[in-house]
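Letter by letter, the chains look like this.
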Amino acid sequence: DLTHGRILYLEDVHVSFDGFKAIRGLSIDIAPGELRCIIGPNGAGKTTMMDIITGKTRPDSGTVYFGGTINLLRHSEAEIAQLGIGRKFQRPTVFEALTVYENLELALQGDRRLRASVWGRLTGAQKDRLAEVLVLIRLADQLQRPAGLLSHGQKQWLEIGMLLVQDPRLLLLDEPVAGMTDQETERTAELILTLKGRHSIIVVEHDMGFVDTIAEKVTVLAEGSVLAEGTLAQVQADERVIETYLGR
Ligand code: ADP
């Protein structure tokens, strides 16, 4: 097929905001089960790229395919979430007054989240998945704890868990370790490495130590397109990357 079996395939994407070209000729592809880190200076277009994938921002031109055959440009933001693309924003947005378990339960129920009448009617498979996710995010002993009482790191994991219960094929994580302690960062790296394979994952991150721990392949964005791609060591040795980070 056109997208060579890639879970995500962007080709020559352009986006302008009031005449300013935020994304100019961006092409990027992600293999099934791959874990990719996206780095780049502020304003490089990382957030806009995530917004394009999730349907929040519409490109002016270009190609965006998911799962080989799904043209994401034909789908709304809500449809794209249903297709199996989960995004975690930088700041956690868990429901603080609800328990860990209730947060996960709501996430499983998706659109019906506000219908209290369906609570407690999870299928056996959903309950199994929920239990599995609780272990992955290290909150199995905190089910009854109000989310508002969790540490910053635990809230971030809970939010990742809220995506995982829906078993997304592609997981987008925006600066997942921002504000975390060293130990929380280490545990987040373990979690992400465990998820790789079952899910394709894109991580936007500024913490190079963290990127070094988790990534096989790194994409450097600058001025709205790909400046370099390779291992972290390869891209860090690239003169254009060095120039971009030092500022021309
Ligand atoms: P990054 O996430 O890499 O820091 P962004 O994707 O947020 O970069 O931004 C890329 C460029 O597009 C920046 O110059 C930013 O100011 C601009 N930009 C992003 N969103 C908008 C918007 N809604 N309106 C105008 N300019 C925007």
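Residues numbered from 1 in each chain as written. Predicted model: local features only at pLDDT ≥ 70, side-chain atom pairs only at ≥ 80, totals over all residues. Heavy atoms only, no water.

A. Main features of unusual backbone geometry. The backbone of Asp 12 sits at a positive phi, close to 50°, despite the residue not being glycine. Of note, Asp 12 is situated in strand S1 (residues 8-17). Taking relative accessible area as the criterion, Asp 12 reaches 43% and is therefore assigned partly exposed. (Helix = DSSP H or I, 4+ residues; strand = E, 2+ residues; numbered from the N terminus. Buried < 20%, exposed > 50% of the residue type's maximum accessible area, 1.4 Å probe, protein only.)

B. The arrangement of the pattern of salt bridges in detail. All chains considered together, the criterion is met by 12 salt bridges. For Glu 229, the salt bridge goes to Arg 36, with nearest N and O atoms at 3.2 Å. Placement of Glu 229 in strand S10 (residues 225-230) and of Arg 36 in strand S3 (residues 35-39) is noted, with a sequence separation of 193 residues between them. Of the residues examined, Glu 229 reaches a relative accessible area of 37% and is grouped as partly exposed. Between Lys 196 and Glu 216 there is a salt bridge, with the nearest N and O atoms lying 2.7 Å from each other. Of the two residues, Lys 196 sits in the loop between helix H6 (182-195) and strand S8 (200-204) while Glu 216 sits in the loop between helix H7 (208-214) and strand S9 (217-222), which places them 20 residues apart along the sequence. On the basis of relative accessibility, which here comes to 25%, the residue Lys 196 falls in the partly exposed class. Several salt bridges converge on common partners, so that one network encompasses Arg 129, Glu 132, Asp 167 and Arg 198. (Salt bridge = Lys/Arg side-chain N within 4 Å of Asp/Glu carboxyl O.)

C. Highlighting the packing of helix H3 (residues 100-108) against helix H5 (residues 152-164). Closest axis-to-axis distance for the H3/H5 pair is 8 Å, and the angle between their directions is 30°. Both H3 and H5 take part in a crossing whose hand is right-handed. Between H3 and H5, the contacting residues are Val 100, Asn 103, Leu 104 and Ala 107 on the first element and Leu 158, Gly 161 and Met 162 on the second. Per-class residue counts for the contact of H3 with H5 are five nonpolar, two polar and no charged. (Axes fitted to C-alpha atoms, helices over the stretch in contact; angles between N-to-C directions. Left-handed = near helix turned anticlockwise from the far one by under 90°. Contact = heavy atoms within 4.5 Å. Nonpolar A, V, L, I, M, F, W, Y, C, P; charged D, E, K, R; others polar.)

D. Summary view of the sheet that holds strand S2 (residues 20-30). Overall, antiparallel pairing links the four strands, which are arranged S2-S1-S4-S5 in an open sheet. Each having just a single partner strand, S2 and strand S5 (70-71) make up the two edges of the open sheet. Sheet analysis places S1 next to strand S4 (residues 61-66), joined by five bridges and oriented antiparallel. Counterpart to His 14 in the pairing with S4 is Ser 61. Relative to S1, helix H1 (residues 46-53) is tilted by about 115°, and along the sheet it contacts S1, S2 and S4. (Pairing = 2+ DSSP bridges.)

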